[in-house]
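# Coordinate inspection notes
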Amino acid sequence: MTNILSGIRVLDFGRYIAGPYAATILANFGAEVIRIEKLNGSEDRFITPLTEDQSGDGGIFMQMSQNKKGITLNPMKPEGREVVERLVKTADIVVANLPVETLQAMGLDYDSLKAMKQDVILVHGSAFGDVGPYKNRVGFDGLGQAMSGAMYLSGDENGPRKLFGPWVDYSTALLSALGAMAALRHRDQTGEGQLVTTSLFGSSLLISAVALIEQAMLGINRVGTGNRGQNAGPSDTFQTKDGWVLVQALGGPLFERWAELMGEDHWLSDPRFATDQLRGDNNHLLSERMAKWCIERTTEEALAEMEAIRLPCGPVLSPQQVLEDPHFAAMEMLTMTRYPGFDKEVPVVEMPIKMSKTDTRMKRRAPTLGEHTDEVMQSLGYSAAEIEELRKKRVV
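Residues numbered from 1 in each chain as written. Predicted model: local features only at pLDDT ≥ 70, side-chain atom pairs only at ≥ 80, totals over all residues. Heavy atoms only, no water.

### Considering a nonpolar patch on the surface
Taken together, L175, L178, L206 and I207 make up a surface patch of nonpolar side chains, about 390 Å² in accessible area. Within the residue set of the nonpolar patch, elements represented by two or more residues are α8 (167-190) and α9 (200-207). (Patch = residues over 30% accessible without salt bridge, like charges linked within 9 Å, V, L, I, M, F, W, Y side chains within 5 Å. Areas by Shrake-Rupley, 256 points an atom, 1.4 Å probe, with all protein chains shown as cover. Salt bridge = Lys/Arg side-chain N within 4 Å of Asp/Glu carboxyl O. Helix = DSSP H or I, 4+ residues; strand = E, 2+ residues; numbered from the N terminus.)

### Here's the deal with the packing of helix α1 (residues 18-28) against α8
To characterise two packed helices, one gives the angle between the axes of the helices and the distance between these axes. For the pair α1 and α8, interaxial distance at closest approach is 8 Å and the crossing angle is 45°. Taken together, α1 and α8 sit at an angle that is classed as oblique. Crossing handedness for the pair α1 and α8: right-handed. On the side of α1, the interface is formed by A18, Y21, A22, I25 and L26, while α8 contributes D169, Y170, T172, A173, L174, S176, A177, A180 and M181. Of the residues belonging to the contact of α1 with α8, the class tally is 11 nonpolar, two polar and one charged. (Axes fitted to C-alpha atoms, helices over the stretch in contact; angles between N-to-C directions. Parallel < 35°, antiparallel > 145°, perpendicular 65-115°, else oblique. Left-handed = near helix turned anticlockwise from the far one by under 90°. Contact = heavy atoms within 4.5 Å. Nonpolar A, V, L, I, M, F, W, Y, C, P; charged D, E, K, R; others polar.)

### A word on the sheet that holds strand β9 (residues 313-315)
By definition, the strands of a sheet pair up through backbone hydrogen bonds, in either a parallel or an antiparallel sense. Judged by pairing direction, the sheet is antiparallel, and its three strands sit side by side in the order β7-β8-β9 without closing on themselves. Because the sheet does not close on itself, it has two edges, and the strands there are β7 (235-239) and β9. In this sheet, adjacent strand axes meet at a mean angle of 20° when their direction is disregarded. Here β7 runs beside strand β8 (residues 244-248); their pairing, made up of five bridges, is antiparallel. Across the sheet, the residue bridging to S235 is Q248, located in β8. Each of β7 and β8 is contacted by helix α14 (residues 283-295), which is oriented at about 30° to β7, the strand it contacts most. (Pairing = 2+ DSSP bridges.)

### As for the pattern of salt bridges
One pass over the full model with this rule turns up 27 salt bridges. Where E32 meets K69, a salt bridge forms, and the shortest distance between an N and an O atom there is 2.9 Å. Taken together, the residues E32 in strand β2 (residues 32-37) and K69 in strand β3 (residues 68-72) connect sequence positions 37 residues apart. On the basis of relative accessible area, K69 is assigned to the buried category, the value being 14%. The partner of E264 in a salt bridge is R289, with the nearest N and O atoms 2.9 Å apart. Of this pair, E264 sits in the loop between α11 (252-262) and α12 (266-269) while R289 is found in helix α14, placing the two residues 25 residues apart along the sequence. (Buried < 20%, exposed > 50% of the residue type's maximum accessible area, 1.4 Å probe, protein only.)

### Quick look at the sheet that holds strand β5 (residues 121-126)
Strands sit in the order β3-β2-β1-β4-β5-β6 across an open sheet of six strands; the sheet is parallel. Strand pairing shows two members of the sheet lacking a second neighbour, β3 and β6 (195-199), which therefore form its edges. Ignoring which end each strand starts from, the neighbouring axes of this sheet average 20° apart. Sheet analysis places strand β4 (residues 93-96) next to β5, joined by four bridges and oriented parallel. Across the sheet, residue I93 finds its bridge partner in β5, namely I121. Here α8 sits on the sheet in contact with β4, β5 and β6, set at roughly 165° to β6.

### Details of the nonpolar core
L11, F13, I36, L73, V83, L87 and L113 are the most contacted members of the largest nonpolar core, which has 30 residues in total. The set of elements that each furnish at least two residues to this core consists of β2, α3 (78-90), β4, α4 (100-106), α5 (110-116), α18 (373-379) and α19 (384-392). Not counting the four nearest positions on each side in its chain, V83 is found in contact with L73, M377, L380, Y382 and L390. The next biggest cluster of nonpolar side chains, apart from the first, holds 26 residues, and it includes I8, Y21, I25 and I93. (Core = buried A, V, L, I, M, F, W, Y, C linked by side-chain atoms within 4.5 Å.)

Quick look at the structure:
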């Protein structure tokens, strides 16, 4: 298999998920990605510790930094700025999810980068984008969830509810990588680099778009209903004798199958359930009936009966149950990785894109702190003595 981005060099100044995972996607497509960290390690290296004493590199870094080389650098020092300039002159893409003011202070804003290399592409992610009253605010995934309406509508009478998984971060990373690929295509056609901007707020608004459209058009002022759907039904989570299941019946044919499963055709003639939206409006009644059906069965029994009539359903799994799930194993989404300092292999989830002609799998574990500093610096023309001198000055 070929690697479609072979020969492309990416500088990853990202932090946490949105920036670093965008660079990881590019690395999985074959780009050479150099992760640039603070001298003592950037904050995201140590989040979600994987040892009982909570020391060492963490889970976020393991997942986000696969297929990358790693160097340490202080770009705020004059000698560090020179290293940045040499790096940029060899790079095609710079990824940095930092506030605009921070980019400018580090000399990583688009104008500064363009002065170093005319056709460079800057992928700049931030919390709120580069315009508007919030542009200099900092933030994480949760702010996108909170400020897009998603957290409000995911809640219930007990208050709003944030999703545990950082879906705003990952969606921003995907959009950033897509923008980078499009910018590379533009450069192939015109020879021009460009600035690509993404934001956590923008990504969360995209995912919340339908609810925003409905509100703008109808002024409906929905409130959160937790796991219970509002636009179709039955759509909810239900307790069984030994666990929980999720059921989603969207569209008339699936509703008919559900009524058949209940053995009750009166649901089909009741005007309160004539359309998807009416079923959503009255979903509490459908959930009450389905809850009684589910609690009489084990999870395995409930799923078997629903799957027999092709009703979309699935078990609510714990992380340990996911790791033990046979379909998860069959998809070959998990790569066991040896990493210095750990007694057992670290499981890393592969990018869920598989292509018949392009190799997108993980090929390199996440780098230890500064693991490739000497290698990269030498490729920029620095001698061993010069690198040692910069190390003494705390530049690298």
